[in-house]
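# Geometric and topological summary
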Amino acid sequence: MDFEIKVWNPFVSDEELFSLTGHYQLITCIKAFKYFPDLIVSCARDKNIKFWDLTEKKCVQSKFEHKDWINCLEIFHVKNLLISCSNDKSIIIWKLVFNTNNKLQKCTIKNHIQNAHEGAVQTLSIASGDKFFLSAGDDNYIKLWDPDNGNCLKEFKTEQSMIFRVLTLHNLTVDSVR
């Protein structure tokens, strides 16, 4: 395994354009920014979050705050927030600051929610039109959170022992179990 992010443009060529290297364990999630098309963010089992500039083809910032594998990322595009979750049972809400050239200037912790779940937090999903987010994991709970203050607003107990993915679709919540 090479732990690289491979960048392609299938509309132009069947050839890989370039690779981004920097993670040293399995990459678990990659997200794109709606308003900053040259920026992507990734996380991995190496406990790192990395921000990549696709124009410069390099990592422009790394964050190492989780104590175990990072499983999922979600972006609040309008609020310039990034949410990460981990096997360390925590959720981190990150504040992103962009400069006038639309480049990531800094990424700071807005709220670190320790013990957000009783087990690993496996997944996140933006809910209700960028107002809230959901988390789910190994403790058979789906939780609804306020990203502005990090408060848990509601908990939903499920029959599943582990929830692997959660998705919001209009006003519905869908989960996937292993």
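Quick caveat: nothing in here was measured; it's all calculated off a predicted structure.

### Concerning the overall build of the protein chain
Within the protein chain, the secondary structure is distributed over zero helices and 16 strands. Over its C-alpha atoms the protein chain spans a radius of gyration of 16 Å, differing by no more than 12% from the 16 Å that the globule rule assigns to 178 residues. Taken along the three principal axes of its C-alpha coordinates, the protein chain extends 45 × 35 × 30 Å. Out of the 178 residues belonging to the protein chain, those deemed buried represent 44%. The contacts of the protein chain with a sequence gap of at least 6 include a subset with a gap of at least 24, amounting to 38%. Accessible surface, the protein chain as shown: approximately 9500 Å² in total, 49% of it carbon and sulfur.

### Focus: the pattern of salt bridges
Evaluated as defined, the whole model comprises eight salt bridges. For Lys 31, the salt bridge is made with Glu 74, and the minimal N-O distance between the two is 3.2 Å. In this pair, Lys 31 is assigned in strand S3 (residues 27-32) and Glu 74 in strand S7 (residues 70-76), connecting sequence segments 43 residues apart. Look at Lys 31 and you get partly exposed, because its relative accessible area is 24%. Given the relative accessible area of 14%, Glu 74 is considered buried. Linked through salt bridges whose partners overlap, the residues forming this network are Glu 4, Lys 6 and Glu 16.

### Side note on the side chain of Asp 53
Locating Asp 53 in the fold gives a position in strand S5 (residues 49-53). Polar side-chain contacts of Asp 53 include one of 2.9 Å to the backbone nitrogen of Glu 56. Residue contacts for Asp 53: discarding those within four places in its chain leaves Asp 38, Leu 39, Lys 58, Val 60 and Lys 103.

### Comments concerning the sheet that holds strand S12 (residues 132-137)
With antiparallel pairing, four strands are arranged side by side in an open sheet as S11-S12-S13-S14. With partners counted over all chains shown, the strands left at the sheet margins are strand S11 (121-127) and strand S14 (152-157), one partner each. The sheet shows a mean angle of 20 degrees between the axes of neighbouring strands, direction not considered. Where S12 meets strand S13 (residues 141-145), four bridges bridge the pair, whose relative direction is antiparallel. If you follow Phe 133 over to S13, its bridge partner there is Trp 145.

### Thoughts on the environment of Tyr 35
Among the structural elements, Tyr 35 can be located in the loop between S3 and strand S4 (39-44). Put simply, Tyr 35 and Val 78 are 43 residues apart on the chain and 8.6 Å apart in space, counted from C-alpha to C-alpha. Excluding anything up to four places from it in sequence, Tyr 35 contacts His 77 and Val 78.

### Comments concerning unusual backbone geometry
Although it is not a glycine, Lys 47 adopts a positive phi angle of roughly 75 degrees. Tracing the chain through its elements places Lys 47 in the loop between S4 and S5. Its identity as a non-glycine residue notwithstanding, Asn 115 has a phi of 50 degrees, on the positive side.

Rules and cut-offs
Residues numbered from 1 in each chain as written. Predicted model: local features only at pLDDT ≥ 70, side-chain atom pairs only at ≥ 80, totals over all residues. Heavy atoms only, no water. Helix = DSSP H or I, 4+ residues; strand = E, 2+ residues; numbered from the N terminus. Rg over C-alpha atoms; globule rule 2.2 N^0.38 Å. Buried < 20%, exposed > 50% of the residue type's maximum accessible area, 1.4 Å probe, protein only. Contact = heavy atoms within 4.5 Å. Areas by Shrake-Rupley, 256 points an atom, 1.4 Å probe, with all protein chains shown as cover. Salt bridge = Lys/Arg side-chain N within 4 Å of Asp/Glu carboxyl O. Polar contact = N/O pair within 3.5 Å; in protein donor to acceptor, adjacent residues only side chain to side chain. Pairing = 2+ DSSP bridges. Axes fitted to C-alpha atoms, helices over the stretch in contact; angles between N-to-C directions.

Limitation: the analysis is restricted to geometry and does not speak to function.
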